[in-house]
Amino acid sequence: MGKHRSAFLLSAVAGSAAALVPGPATAQDPYFLPQLPLTREVYVDTARMVPHARMAPPPFILAPDHLTARAEHQFRRGTIGDAADGTIGTTGVAGDVAAAQSPAKAAGGIDGSIRTGAVQGGAGTDAAKVFASFRYDRALSYDDPHGNGLHFGYDRRIGQAAVILTPTPDTDIKVIGLFDHLADDRQPHFSLDPTRTDRDVGKAILTVRRAGVFDQVQVGGTLVRVDREADNFTLRAPAGPRMRVNVDYDIHQIDATGTLTAGGLETVLGLSGKLDKADSVRRNVTAGDVVNSYRFPGVEQTALGLWAETAAELAEGRELRAGLRYDLVHGSAGKAGMTPATGVPLFDQSPAALYRAYYGVADTSVTDHNVSGKVGYSHAIPAWGTRAFAEVGRMVRTPTPVERWQAVSGPPASRWVGNPALEPEKHHRAEAGLEFRGDGYDGYQRSRGDAPSWMVRLGAFYDRVQDFVTFDRARGQAGVLAADGATVSRNVDATLAGLDAALEWNVTRHLSTRLAVSYLYGENESDGRPLYQVRPLAADWLLDYRAGLGPMAAWNLGASLRFSGRQDRVDDDALTGLGMDNDGPSGAFALLGLHGGLRWRDRFGLTLGVDNLLDKRTNEHLTGDHIADVNRTAVPAPGRTVYLRFVAAL
């Protein structure tokens, strides 16, 4: 399917919404399963659909980026051309060293208040290969605009290893392990600090080519273990009783796919099975470490997925792809009847009692039958340097445990009660992209011959969502029985849309520039108000000059300008909406940066740069998303930040 996949990923290549516009749902599921390398892409992939607003530990940094990715900083976001978490790769000539073929590499650096180091290496033969990578980040506090140190920082250890065996020319066995351990994650805007977040992933994949009628059969298994603890006293002086929360989340998943070619079509048939288990309690340590809330009351969710997808080349440069998927999802909360025994009535309410009080729901067991599908068409005209893509589809997402079963008791203003009666979220989405290329364009800072070297991308998407899952405040709305201001989950109708554009121009063999612009729109149609946590208009401009420095060295120099527009379409009033954007409209800002680098052969690279050169005082509109919180208090972004990074290859 590789040939067709390259064409139908035009949504990521030719500038549709997936390329530059991440959409409001840039979140990863709280315990998101990373797309580890060596796995195949699924066209209709409902498993990767995510809730609207991100509330999760930081995104995984996978091994290919351990040497180059910027450290996670939830109050400083990256540019629209990069990952939503701001993990911008090494720019300039130093990136050539990170990409060079070498048995071992090392990298390190300082990025404002964050220190980073990484090592990786690999070896092998045609029959067996091994690879390992390790990264360590330590973030220290930084100052707010008044010179006060913020309660910010963390220690992060990331590791990844892979073994690839090829016992026969038609057989591959791949075993991958990954850990991401975060400690002492200080939250300046929240009452609890995650003192420990451990995520461990194991994956095994067997690939067999020419297996009977199938061109390829692939079978894989995945295990994920998440263990998270947070409290209000280890890293700070507690304001009130000492409280702690723990979360245990396990994922067990199997996948099988078969690829075959018949009748001019490349077809993939797939089967998956998944079991999620979530358990979480909150404890009052001051009162004797007693349970005062069953946050995830023994939640178990099983999912069976069946899918088929096919691709056909209609004519030279014209391809059609279609996919259909059925997901059977069953979930329950086995501990919903358990009642805390603190002696305080506001806390001594079982999850089942909360579900009944807010939604009238008595049965915590639910089954979803989800049918999803997409059809996409791409058309390339090489002689004109043009490619176009269009896709329509219906994608269905089952609500997460946070949305459906979370049960936090206490005073109404601090309660958070999931809704077992939620309907799955149904996205009816259309997107299109268009790309134009000059004959000499071969990528940013890469040209062929003397022909014009430029590229223009345009993209757009429109998503009408039925039964959109929104968080809200209990005000006696349809389907909500209480009116006490607690955080609840509801189904509404919503609209999401986005536009993006990009220009890349290699002006000469040494000078290149690129510009990217994106705009997002989100509306809660049922309640007639903007969706919360929608990114404002964003623009990003980059200018790079690079040249040789003798026969074995090179250098680069560049500038960047990042613009974030004013966002005045906000949900900032908890009396009429959720109030998640509770700081009101966010102001516009533009940040100037400079960077430069040196490379000696392909063995050593150095990058030096400064962000926010003019030391502007800003805060991001989307921020503070490492924890589950519906109050996004503004936290200042770092001011002028100098960074220095090196990478070396043996």
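Residues numbered from 1 in each chain as written. Predicted model: local features only at pLDDT ≥ 70, side-chain atom pairs only at ≥ 80, totals over all residues. Heavy atoms only, no water.

## Here's the deal with the overall build of the protein chain
Counting secondary structure elements, the protein chain contains six helices and 25 strands. Relative to the compact-globule value of 26 Å for 650 residues, the protein chain shows a C-alpha radius of gyration of 25 Å, a close match. With the C-alpha coordinates aligned to their principal axes, the bounding extent of the protein chain is approximately 75 × 65 × 50 Å. A burial count over the protein chain gives 53% of its 650 residues as buried. Once local pairs closer than 6 in sequence are excluded, the contacts in the protein chain between residues at least 24 apart make up 68%. (Helix = DSSP H or I, 4+ residues; strand = E, 2+ residues; numbered from the N terminus. Rg over C-alpha atoms; globule rule 2.2 N^0.38 Å. Buried < 20%, exposed > 50% of the residue type's maximum accessible area, 1.4 Å probe, protein only. Contact = heavy atoms within 4.5 Å.)

## Overview of the environment of D276
As for its position among the elements, D276 is in strand β9 (residues 265-284). For D276, a relative accessible area of 10% gives the class buried. Sequence-wise, D276 and Q253 are 23 residues apart; in three dimensions their C-alpha atoms are separated by 8.6 Å. Every residue in contact with D276, bar those within four places of it in the chain, is listed here: Y249, D250, I251, V299, E300 and Q301. Among the polar contacts made by the side chain of D276, one reaches the side chain of Y249 at a distance of 3.2 Å. (Polar contact = N/O pair within 3.5 Å; in protein donor to acceptor, adjacent residues only side chain to side chain.)

## A short note on the packing of aromatic side chains
Within the structure shown, the criterion is met by seven aromatic pairs. By the ring-pair criterion, three or more aromatic residues cluster together here, those being F75, Y142, F152 and Y154. For R199, the ring lying beneath its charged end belongs to F60, and the centroid distance is 4.2 Å. (Phe/Tyr/Trp six-rings, centres within 6.5 Å; stacked < 30°, edge-to-face > 60°. Lys NZ or Arg CZ within 6 Å of the ring centre and 35° of its normal.)

## A look at helix α5 (residues 351-359)
Regarding α5, the residues found buried are P351, A352, L354, Y355, Y358 and Y359. Axial view of α5: buried residues confined to an arc of 160°, hence all on one face. Contacts made by the buried residues of α5 are with β10 (290-315), β14 (407-408), β15 (416-417) and β18 (487-506). Phi turns positive, to about 70°, at G360, one or two residues after α5. (Arc of directions from axis to C-beta.)

## Concerning the nonpolar core
Counting residues in each nonpolar core, the largest one holds 39 residues, and the members touching the most others are Y355, Y358, Y359, W416 and F471. At the level of elements, β7 (214-231), β8 (243-262), β10, α5, β14 and β15 are the ones that each hand at least two residues to this core. Sorting elements by how many residues they give to this core places α5 first, with five residues. In contact with Y355, not counting residues within four places along its chain, are P297, A336, G360, V361, T364, W405, Q406, A407, V417, G418 and P420. The next biggest cluster of nonpolar side chains, apart from the first, holds 10 residues, and it includes A71, Y142, L150 and V635. (Core = buried A, V, L, I, M, F, W, Y, C linked by side-chain atoms within 4.5 Å.)

## Notes on empty space enclosed by the protein
Regions of empty space are outlined by a rolling probe, equal in size to a water molecule, passed over the atoms. Enumeration according to the criterion identifies five cavities of 30 Å³ or more in this entry. In this model, the largest cavity occupies a volume close to 150 Å³. L67, A69, G108, T116 and R645 are the residues nearest the centre of the largest cavity, which is lined by 23 residues in total. (1 Å grid on protein atoms, 1.4 Å probe; cavity = no way out; pocket = protein on both sides within 12 Å on 5 of 7 lines; lining within 4 Å. Points joined across faces, edges and corners; volume = space filled by probe spheres on them.)

## A closer look at the confidence of the model for the protein chain
Note that predicted coordinates carrying low pLDDT should not be read in detail. Per-residue confidence for the protein chain gives a mean pLDDT of 89, with 92% of residues at or over 70. In this model residues 1-32 is a low-confidence stretch, pLDDT under 50, and it forms 121 contacts with partners more than four residues away in sequence or in other chains. The model gives residues 80-90 a pLDDT under 50, and that stretch makes 34 contacts with residues more than four places away or in other chains. (pLDDT = per-residue confidence, 0-100.)

## Some points on the pairing of strand β12 (residues 366-381)
Summarising the sheet, strand β11 (residues 318-333) and β12 pair through 14 bridges and their orientation is antiparallel. Note on β12: the bridge partner recorded for R318 is H379. By the bridge criterion, nine bridges tie β12 to strand β13 (residues 386-397) in an arrangement that is antiparallel. Note on β13: the bridge partner recorded for K374 is G393. Hairpin geometry of β12 and β13 is characterised by an intervening segment of four residues between the two adjacent antiparallel strands and by a positive phi of about 65° at G385. (Pairing = 2+ DSSP bridges.)

## Remarks on a nonpolar patch on the surface
Among the surface-exposed residues, F436, W454, L458, L503, W505, V507, L515, W541, L543 and L561 lie close enough to one another that they form a single nonpolar patch of about 790 Å² accessible area. Those elements giving two or more residues to the nonpolar patch turn out to be β17 (454-473), β18 and β21 (538-548). By the secondary structure assignment, W541 is in strand β21. (Patch = residues over 30% accessible without salt bridge, like charges linked within 9 Å, V, L, I, M, F, W, Y side chains within 5 Å. Areas by Shrake-Rupley, 256 points an atom, 1.4 Å probe, with all protein chains shown as cover. Salt bridge = Lys/Arg side-chain N within 4 Å of Asp/Glu carboxyl O.)

## With respect to the side chain of T641
If you trace the backbone, T641 turns up in strand β25 (residues 641-649). Engagement of the side chain of T641 in a polar contact is seen with the backbone oxygen of G639, the distance being 2.9 Å. Beyond its immediate sequence surroundings of up to four residues, T641 is in contact with R76, D111, G112, G609, V610 and D611.

## Describing the pattern of salt bridges
All chains considered together, the criterion is met by 45 salt bridges. With its nearest N and O atoms 2.8 Å apart, the salt bridge here joins K335 to D279. With K335 in the loop between β11 and α5 and D279 in strand β9, this pair connects stretches of sequence that are 56 residues apart. Accessibility expressed as a relative area gives 31% for K335, which makes it partly exposed. The exposure class of D279 is partly exposed, given its relative accessible area of 24%.

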